[in-house]
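Descriptive analysis of the structure
What follows is each chain in one-letter form.
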Amino acid sequence: MPTIQLEITSGKLAGEGVITAQKKLSQLENVFQDEATRKSMDQDQLIYEVQAYMPVEEGKEGGLYFGNSTIFPGKVNNEYFMTRGHFHTKLDTAEYYWCIQGKGALILMDEEGKTWLEEMTPGSVHYIPGKIAHRVANTGDEKLVFNACWPSEAGHDYATIEKDGFGARLMEVDGKPQLVQNKKEMV
Ligand code: F6R
Ligand code: ZN
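Residues numbered from 1 in each chain as written. Chains lettered and ligands numbered in written order. Predicted model: local features only at pLDDT ≥ 70, side-chain atom pairs only at ≥ 80, totals over all residues. Heavy atoms only, no water.

1. Things to note about the sheet that holds strand β10 (residues 115-120)
One open sheet accounts for three strands, arranged β10-β9-β12; its pairing is antiparallel. Only two strands of the sheet have a single partner each, and these edge strands are β10 and β12 (133-138). Strand-to-strand, the axes of this sheet are offset by a mean angle of 25°, without reference to chain direction. (Pairing = 2+ DSSP bridges. Helix = DSSP H or I, 4+ residues; strand = E, 2+ residues; numbered from the N terminus. Axes fitted to C-alpha atoms, helices over the stretch in contact; angles between N-to-C directions.)

Structure (C-alpha cells):
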C-alpha cells in the first residue's frame, strides 16, 4: 500500500508524513491592501490551510512535493482572501496547480511586475513556469481547494513579495472580480 492517500473528491491528503500549516488573519500583516480593515477583523479567522507531503529533504535536487491548499471564502474590504504568494528561491523552477473545488483565480507575475490571472474552476490545470510569482485568491462563496506539485529544490522566496507586492490585486468591483493595477504600476 502507498503511504499517502488523496481523497479525490475533496483534494484532502492523509497518511504518515503529511504536514498541515494554517494561516490566520493575524499572520497576514500587510498582505492585503487595506491593512486597517485587516486589523479590525477577527484575528483568529482562518484564511488558508496547506497540507504537504515532502518525502525528501527540502532543497534536495530531483524530488517532488505534493500539496493541498484550501482558501476560505471572504474579503478584506473588497479584496478577496488569498495566499501570500511567492517566487521560488531557485527561480527557474516550475509548478503545477490544479483546482479541485470552488472558484478563484491564480494570479501570476513575471520579474518585471507584469501581472495576469488564470481562472480556477474544478478540473482546471495550471502550469506555472519558472521565474513566475504565484498566489491564489478565492472569488467564490465556498472554499477553494487546489492541489500542487513542485520540485524539492524550489524553495520559497516570500521576501520579494513582502517588499514589492504583485503588480495588481484581485478586487471585487461592481460585484465582480477585477484585477486592479497598483498605482505605482500605472505611472
Ligand atoms: C508551493 C506552492 C503552494 C503554496 C500554498 C500556500 O510551491 O506554491 O503549495 O505554498 O498554496 O501559498 P503561500 O506559500 O504563497 O503562502
Ligand atoms: Zn510555489
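That shown, we press on.
2. Some words on the coordination of the zinc ion (ligand 2)
Protein coordination at the zinc ion (ligand 2): the donors are His-86 (NE2), His-88 (NE2), Glu-95 (OE) and His-134 (NE2), at 2.1 to 2.3 Å from the metal. One can describe the donor arrangement at the zinc ion (ligand 2) as octahedral, given that its six donor atoms subtend angles of 71 to 173° at the metal. All donors to the zinc ion (ligand 2) come from one chain, and their sequence spacing reads H-x1-H-x6-E-x38-H. (Donors = N, O, S within 2.8 Å, 3.2 Å for Na, K, Ca; no water. Tetrahedral: all angles 85-135°; square planar, octahedral: opposite > 155°, others 65-115°.)

3. Remarks on the environment of Asn-147
By secondary structure assignment, the location of Asn-147 is in strand β13 (residues 144-151). Overall, Asn-147 belongs to the buried group, its relative accessible area being 0%. Here Asn-147 is in contact with Leu-6, Gly-11, Phe-66, Gly-67, Asn-68, Tyr-96, Tyr-97, Trp-98 and Ile-100, once residues within four sequence places are set aside. A polar contact of 3.3 Å, which involves the side chain of Asn-147, links it to the backbone oxygen of Gly-11. (Buried < 20%, exposed > 50% of the residue type's maximum accessible area, 1.4 Å probe, protein only. Contact = heavy atoms within 4.5 Å. Polar contact = N/O pair within 3.5 Å; in protein donor to acceptor, adjacent residues only side chain to side chain.)

4. Points about the pattern of salt bridges
Tallied over the full model, the rule gives five salt bridges. Between Glu-172 and Lys-75 there is a salt bridge, with the nearest N and O atoms lying 2.9 Å from each other. With Glu-172 in strand β14 (residues 168-173) and Lys-75 in strand β6 (residues 75-76), this residue pair connects regions lying 97 residues apart in the sequence. Classification of Glu-172 by relative accessible area gives partly exposed; the value is 27%. Using a relative accessible area of 29% as the deciding quantity, one classes Lys-75 as partly exposed. (Salt bridge = Lys/Arg side-chain N within 4 Å of Asp/Glu carboxyl O.)

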